[in-house]
Structures are given as structure tokens and as C-alpha cells.
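# Structure at a glance
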Amino acid sequence: QVQLVESGGGLAQPGGSLRLSCAASGSIFSIYVMGWYRQAPGKQRELVARINSDRSTNYADSVKGRFTISRDNAKNTAYLQMNSLKPEDTAVYYCNADLWGVAGRHDYWGQGTQVTVSS
């Protein structure tokens, strides 16, 4: 069974930084796309950043210039470096992976990690 485990969430002050990690484990043959989504209370889940197998990236307009997504293929891990944090970044952040595993090619989600930005 494939699992995605996030870490690095917590409390930060406005203007501060956090670094999220997402490690994929299990019987994995290839990871095509990894991304980060977030969902604030009363809001729909939205794409924050995405990184493809060719390392091209996509970002939500609200985080461009502040967040950076990266991946370490040897570790099956994606990262989200979050700088210049704002209170509106407060949300549960979810890792997502489009990958080929023992069950075929599927989309997987992590359990989520809370990020709170408050002074």
C-alpha cells in the first residue's frame, strides 16, 4: 500500500518560514507528479504548488515568489519551502502524488498537516 506522510507543519509568525516534507512509501515504480494543496476552514481545497517529473513547476498566484516546491526522487520526497508567510496561508496542507505503484497508476493523498500563521 502506498502512503504519503507530511511533516513540518506548525505555528509561524507573519513573515516567518516553514518547510513541509512529503515522503511517499510503499511499492512505488514511478512518481509522475507531486503537489501541495491546502484547505482553510469554510474554503474549498486549492492547489498551492505542483512539480512534474521533468521538474517543471506550477504555483497558485497567491504564493508565487514566496513558496518553492522541490523533489528528491531518490527519497520519493517532495518539499514545500514557505517564506514570507501571511495569516491567510493558515490551512491544512495536503500532499498529493500521481504515481504508478503495485495497484497501477493512481492519485494518492496524505493525511494533512496544519499550518497556522499568527502573531
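About the thresholds
- Residues numbered from 1 in each chain as written.
- Predicted model: local features only at pLDDT ≥ 70, side-chain atom pairs only at ≥ 80, totals over all residues.
- Heavy atoms only, no water.
- Helix = DSSP H or I, 4+ residues; strand = E, 2+ residues; numbered from the N terminus.
- Rg over C-alpha atoms; globule rule 2.2 N^0.38 Å.
- Contact = heavy atoms within 4.5 Å.
- Areas by Shrake-Rupley, 256 points an atom, 1.4 Å probe, with all protein chains shown as cover.
- Lys, Arg positive; Asp, Glu negative; His and termini not counted.
- Charge placed at Lys NZ, Arg CZ, Asp CG, Glu CD.
- Pairing = 2+ DSSP bridges.
- Axes fitted to C-alpha atoms, helices over the stretch in contact; angles between N-to-C directions.
- Phe/Tyr/Trp six-rings, centres within 6.5 Å; stacked < 30°, edge-to-face > 60°.
- Buried < 20%, exposed > 50% of the residue type's maximum accessible area, 1.4 Å probe, protein only.
- Lys NZ or Arg CZ within 6 Å of the ring centre and 35° of its normal.
- Salt bridge = Lys/Arg side-chain N within 4 Å of Asp/Glu carboxyl O.
- Polar contact = N/O pair within 3.5 Å; in protein donor to acceptor, adjacent residues only side chain to side chain.
- Disulfide = S-S within 2.5 Å.

### Things to note about the overall build of the protein chain
In terms of helices and strands, the protein chain carries zero helices and 11 strands. The globule rule puts the C-alpha radius of gyration for 119 residues at 14 Å, and the 14 Å found for the protein chain is close to it. The dimensions of the protein chain, computed from C-alpha atoms along their principal axes, are 45 × 25 × 25 Å. Across the protein chain, contacts joining residues at least 24 apart in sequence account for 55% of those joining residues at least 6 apart. A total accessible area of about 6,200 Å² is found for the protein chain, and carbon and sulfur atoms account for 46% of it. Between the averaged position of the 12 positive side-chain charges in the protein chain and that of its 9 negative side-chain charges there is a distance of 2 Å.

### Topic: the sheet that holds strand β1 (residues 3-7)
Taken together, the four strands give an open sheet; going across it, the order is β1-β3-β8-β7, and neighbouring strands pair in antiparallel fashion. Two strands bound the open sheet, and with one partner strand each, they are β1 and β7 (67-72). When strand polarity is set aside, the average angle formed by the axes of neighbouring strands in this sheet is 15 degrees.

### Looking at the packing of aromatic side chains
One pass over the structure, following the stated rule, counts two aromatic pairs. Seen from their ring centres, Phe29 and Trp100 are 5.4 Å apart, and the 70 degrees between their planes marks the pair as edge-to-face. In this pair, Phe29 sits in strand β4 (residues 28-39) while Trp100 sits in strand β9 (residues 91-101), placing the two residues 71 residues apart along the sequence. Looking at Phe29, the relative accessible area reads 53%, which means it is exposed. The ring of Tyr94 has Arg45 sitting right over it, with the charged end atom 3.8 Å from the ring centre.

### A short note on the side chain of Arg71
When you line up the elements, Arg71 lands in strand β7. Despite its burial, Arg71 remains without a salt bridge, the nearest opposite charge being carried by Asp54 at 7.2 Å. Within the structure, the side chain of Arg71 is placed 3.4 Å from the backbone oxygen of Tyr32, a separation counted as a polar contact. In terms of polar contacts, Arg71 uses its side chain to reach the side chain of Asn73, at 2.8 Å. Discounting residues that sit within four places of it in the chain, Arg71 has contacts with Ile31, Tyr32, Val33, Met34, Ile51, Asn52, Ser53, Arg55, Thr77 and Ala78.

### A closer look at the state of the cysteines
One pass over the full model with this rule turns up one disulfide. One disulfide bridge connects Cys22 with Cys95, the sulfur atoms lying 1.9 Å from each other. Judged by the sign of its S-S torsion, about -80 degrees, the bond between Cys22 and Cys95 is left-handed. One end of the pair, Cys22, is in strand β3 (residues 18-25); the other, Cys95, is in strand β9, with 73 residues separating them in the sequence. Of the two residues, Cys22 and Cys95, neither departs from the other in class, the shared state being buried.

### A closer look at the pairing of β7
A one-sided burial pattern is seen for β7, the buried positions being Phe67, Ile69 and Arg71 and the unburied ones Thr68, Ser70 and Asp72. Pairing between β7 and strand β8 (residues 77-82): six bridges, direction antiparallel. Directly across from Thr68, in β8, lies its bridge partner Gln81. Taken together, β7 and the strand that follows it, β8, pair antiparallel across an intervening segment of four residues, in which Asn76 is found at a positive phi of about 50 degrees.

Purely spatial values, then, with no claim about function.
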